[in-house]
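Observations on chain architecture
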Amino acid sequence: MTHTLGRPDFDVIAAWVEPGHRVLDLGCGDGALLKHLIDTRNVHGWGVDIEDANVLAAMRNGINVIQSNLENGLKDFADDAFDHVVLSRTLQTVRHTEGILREMLRVGREAVVSFPNFAYWKNLRSVLDGRMPVSEDLPYQWYDSPNVRFFTLLDFEALCGQMGLTIVERRVLDESGDPVSADADRDLNFLGSLAVYRLTRPR
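Residues numbered from 1 in each chain as written. Predicted model: local features only at pLDDT ≥ 70, side-chain atom pairs only at ≥ 80, totals over all residues. Heavy atoms only, no water.

Take helix α2 (residues 32–41) next. Along α2, the positions that sit buried rather than exposed are L33, L34, H36 and L37. End-on view of α2: buried residues confined to an arc of 160°, all on one side of the axis. Lining the buried residues of α2 we find α1 (8–16), β1 (22–26), β2 (44–49) and β4 (82–88). Positive phi appears at N42, one or two residues downstream of α2, with a value of about 55°. (Buried < 20%, exposed > 50% of the residue type's maximum accessible area, 1.4 Å probe, protein only. Helix = DSSP H or I, 4+ residues; strand = E, 2+ residues; numbered from the N terminus. Arc of directions from axis to C-beta. Contact = heavy atoms within 4.5 Å.)

Put into structure tokens, the structure is as follows:
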């Protein structure tokens, strides 16, 4: 299967965004997702990134981008300023996990989060073999990884429950980016390499 810009989670995210929506992409990199959403969904998009090179690349892609550290929250944005706030493959790099999820749902009606699943069977096999996993969704060596958290689908869902967040939709993908189907959450946790969640705030 061919995926948008080689990122299967981008396909899932794009399907959840309606034309004309306001989208904030946190850790936006070069702005590829926002550019795709602007071109195909006519969204109003803004990005946030901390790296100089990413900010310049996003600007070259025509993206409105703010240079900021996510660990400091989203104080530059008003409550309910966006329809969707996206954090794609970035949550595992953030130290203040609960804080960023709360901030996402303060400034946005919905939060969309994707992350690599540490309980994926290939990752577990690597650990059993005595090595930290390196894969399509965990591409770094242990010594140069930006990741500060390693967690699973079930861990994330337990955190959502503790915070009172509503999981509206969940998509679990294998290492090729194809959807995983299973009868039990435990099986999804074992078979899924990447997870994408759509969340809303406590009601």
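Moving on to the packing of aromatic side chains. Ring pairs (aromatic) are described by centroid distance and by the angle formed between their planes. Under the counting rule described, the total for this entry stands at nine aromatic pairs. Seen in terms of ring centroids, F115 and F151 are 4.7 Å apart; in terms of plane orientation they differ by 45°. Their pairing is tilted. With F115 in strand β5 (residues 108–116) and F151 in the loop between α5 (121–128) and α6 (153–163), this residue pair connects regions lying 36 residues apart in the sequence. As far as the burial class goes, F115 and F151 line up, both buried. When the centroid spacing of 5.2 Å and the interplanar angle of 50° are considered together, the rings of F118 and F150 count as tilted. Of the two residues, F118 sits in the loop between β5 and α5 while F150 sits in the loop between α5 and α6, which places them 32 residues apart along the sequence. Site record: aromatic cluster; members linked through ring pairs are F115, F151, F156 and Y197. (Phe/Tyr/Trp six-rings, centres within 6.5 Å; stacked < 30°, edge-to-face > 60°.)

Moving on: the sheet that holds strand β7 (residues 194–200). A sheet is described by the order of its strands in space; here seven strands give the open sequence β3-β2-β1-β4-β5-β7-β6, paired in mixed fashion. Among the strands making up the open sheet, the edge pair consists of β3 (64–67) and β6 (166–173). In this sheet, neighbouring strand axes are inclined to one another by 15° on average, regardless of whether the strands run parallel or antiparallel. With four bridges connecting them, β1 and β4 associate as parallel partners. When the sheet's bridge partners are listed, L26 is paired in β4 with L87. Of the strands in this sheet, β1, β2 and β4 are in contact with α2, which crosses β1 at around 165°. (Pairing = 2+ DSSP bridges. Axes fitted to C-alpha atoms, helices over the stretch in contact; angles between N-to-C directions.)

Turning our eyes to something else, we now look at unusual backbone geometry. Phi angles above zero are rare outside glycine, and N42 is one such case at about 55°. If you trace the backbone, N42 turns up in the loop between α2 and β2. The class of N42 is exposed, set by a relative accessible area of 56%.

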